[in-house]
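The primary structure of each chain is shown beneath.
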Amino acid sequence: MSKDTILVVEDEEDIRQLLVFHLEREGYATLEAADGKTGLALARSREPALMLLDVMLPVMDGFAVCKELERDPKTASIPVIMLTARGEEVDRVLGLELGADDYVVKPFSARELLLRVRAILRRQRSTGDRPSLARGSIHLDPAGHRTRVAEREVDLTATEFRLLEDLMRNAGRVRTREQLLNGVWGYQFEGYARTVDTHVRRLRAKLGEAGDLIETVRGVGYRCKE
Ligand code: CA
């Protein structure tokens, strides 16, 4: 089996080296970039299995990189874990509603980061075996990572796709934020409820009118209409 390649985009060299060290020790192949523009170019040319992306980067920051990744269907499905400093940056990661799949706050433990990397890669790998499904005007094809609303192709990030799939497979039933975190992210952490809300908001916006299929159940979670 070929190794999963992880792209590390971080301008602080000691942090970048540390990440590369831990990832390679876990058996991953790595690619490195010290600025956003180089990182974006590598993501496009090498299509890594996953990206670790610092927020504050020279030339092009992590938010701009994320936006660019999302515009191209080829790179939109690459999962992104944002690396952020404590405080204001975390609020921006959540508040700007980017396409990042997850984030970790610096200084982070290698153990926690690797746990998230593994969880994301595991759920990516299982995508191919799941049957396609349809509800209302939405069609999901996990094998091809494709989403259509009526005849329109919609580009979803890896996490948005999993979220929509989870809700559609459980149509008619309320999914609590905790259940969605377990099912979509593969783990639970405190303070993550907002992450679910942010991703649901983005997902609805991308689906347009079909987004009405996802109902908010106040104080509990979300439900896909049957
Ligand atoms: Ca930085």
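As a reminder, the structure under discussion sits directly above these lines.
Below, the structure is looked at part by part. What you see is a predicted model; the values in this text were computed from it and never measured.

## Observations regarding the environment of R201
For step 1, the next point in the chain: Within the secondary structure, R201 is located in helix α9 (residues 193-207).
For step 2, the next point in the chain: Taking the C-alpha atoms as reference points, R201 and G211, separated by ten residues in sequence, lie 9.2 Å from one another.

## Thoughts on the coordination of the calcium ion
For step 1, the next point in the chain: Of the protein atoms, only D11 (OD), D54 (OD) and M56 (O) coordinate the calcium ion, at distances of 2.1 to 2.3 Å.
For step 2, the next point in the chain: Within one chain, the residues donating to the calcium ion are spaced in sequence as D-x42-D-x1-M. Here D54 lies in strand β3 (residues 50-54) and D11 lies in the loop between β1 (5-9) and α1 (13-25), a separation of 43 residues in the sequence.
For step 3, the next point in the chain: The partly exposed category is assigned to D11, whose relative accessible area is 31%.
For step 4, the next point in the chain: Looking at D54, the relative accessible area reads 2%, which means it is buried.

## With respect to the side chain of T147
For step 1, the next point in the chain: Structurally, the position occupied by T147 is in strand β8 (residues 146-149).
For step 2, the next point in the chain: In this structure T147 comes out as buried when scored by relative accessible area, which is 1%.
For step 3, the next point in the chain: The contact partners of T147, leaving out residues within four places of it in the chain, are I138, H139, L140, R152, E153, V154, L156, F161 and L164.

## A closer look at the sheet that holds strand β2 (residues 29-33)
For step 1, the next point in the chain: Taken in spatial order, the five strands of this open sheet run β2-β1-β3-β4-β5, and their pairing is parallel. Both edges of this open sheet fall to β2 and β5 (102-106), since each of them pairs with a single strand only. Across the sheet, the mean angle from the axis of one strand to that of its neighbour is 20°, orientation sign disregarded.
For step 2, the next point in the chain: Note that strand β4 (residues 80-85) and β5 share five bridges and pair parallel. By the bridge assignment, L83 is partnered in β5 with V104.
For step 3, the next point in the chain: The strands touched by helix α6 (residues 110-125) are β1, β3, β4 and β5; relative to β5, the strand with the most contacts, the crossing angle is about 170°.

## Regarding helix α7 (residues 158-169)
For step 1, the next point in the chain: With twelve residues, α7 should cover 16 Å at 1.5 Å per step; its first-to-last C-alpha distance of 17 Å lies within 8% of that length.
For step 2, the next point in the chain: For α7, the set of buried residues is A158, T159, E160, F161, R162, L163, L164, E165, D166, L167 and M168.

## A few points about the nonpolar core
For step 1, the next point in the chain: Core analysis: the largest hydrophobic core is formed by 25 residues, its most contacted members being I138, L164, L207 and I214.
For step 2, the next point in the chain: Put simply, the parts of the chain that give this core at least two residues each are β7 (138-141), α7, α8 (177-185), α9 and β12 (221-224).
For step 3, the next point in the chain: For this core, the element with the highest residue contribution is α7, accounting for five residues.
For step 4, the next point in the chain: In contact with L164, not counting residues within four places along its chain, are I138, L140, T147, L156, L203, L207 and I214.
For step 5, the next point in the chain: Grouped together as the second largest cluster of nonpolar side chains are 21 residues, L42, M51, V80 and Y103 included.

## Regarding the pattern of salt bridges
For step 1, the next point in the chain: Taken as a whole and judged by the stated rule, the model has 19 salt bridges.
For step 2, the next point in the chain: Salt-bridge contacts for R116 lead to E112; the nearest nitrogen and oxygen are separated by 2.7 Å. Note that R116 and E112 are positioned in helix α6 at a spacing of four residues, about one turn of the helix.
For step 3, the next point in the chain: Residue class for R116 comes out buried when judged on its relative accessible area of 3%.
For step 4, the next point in the chain: Overall, the relative accessible area of 27% leaves E112 in the partly exposed class.
For step 5, the next point in the chain: A salt bridge links R169 to E165; its shortest N-O distance comes to 2.8 Å. Of this pair, R169 and E165 both sit in helix α7, four residues apart, which is roughly one turn of that helix.
For step 6, the next point in the chain: Given a relative accessible area of 33%, R169 falls into the partly exposed group.

## Points about α6
For step 1, the next point in the chain: Relative to the 22 Å expected for 16 residues at 1.5 Å per residue, α6 spans 22 Å between its end C-alpha atoms, a close match to the ideal helical length.
For step 2, the next point in the chain: Within the sequence span of α6, burial applies to L113, L114, R116, V117, A119, I120, L121 and R123.

The rules behind these values
- Residues numbered from 1 in each chain as written.
- Predicted model: local features only at pLDDT ≥ 70, side-chain atom pairs only at ≥ 80, totals over all residues.
- Heavy atoms only, no water.
- Helix = DSSP H or I, 4+ residues; strand = E, 2+ residues; numbered from the N terminus.
- Donors = N, O, S within 2.8 Å, 3.2 Å for Na, K, Ca; no water.
- Buried < 20%, exposed > 50% of the residue type's maximum accessible area, 1.4 Å probe, protein only.
- Contact = heavy atoms within 4.5 Å.
- Pairing = 2+ DSSP bridges.
- Axes fitted to C-alpha atoms, helices over the stretch in contact; angles between N-to-C directions.
- Expected span 1.5 Å × (residues − 1).
- Core = buried A, V, L, I, M, F, W, Y, C linked by side-chain atoms within 4.5 Å.
- Salt bridge = Lys/Arg side-chain N within 4 Å of Asp/Glu carboxyl O.

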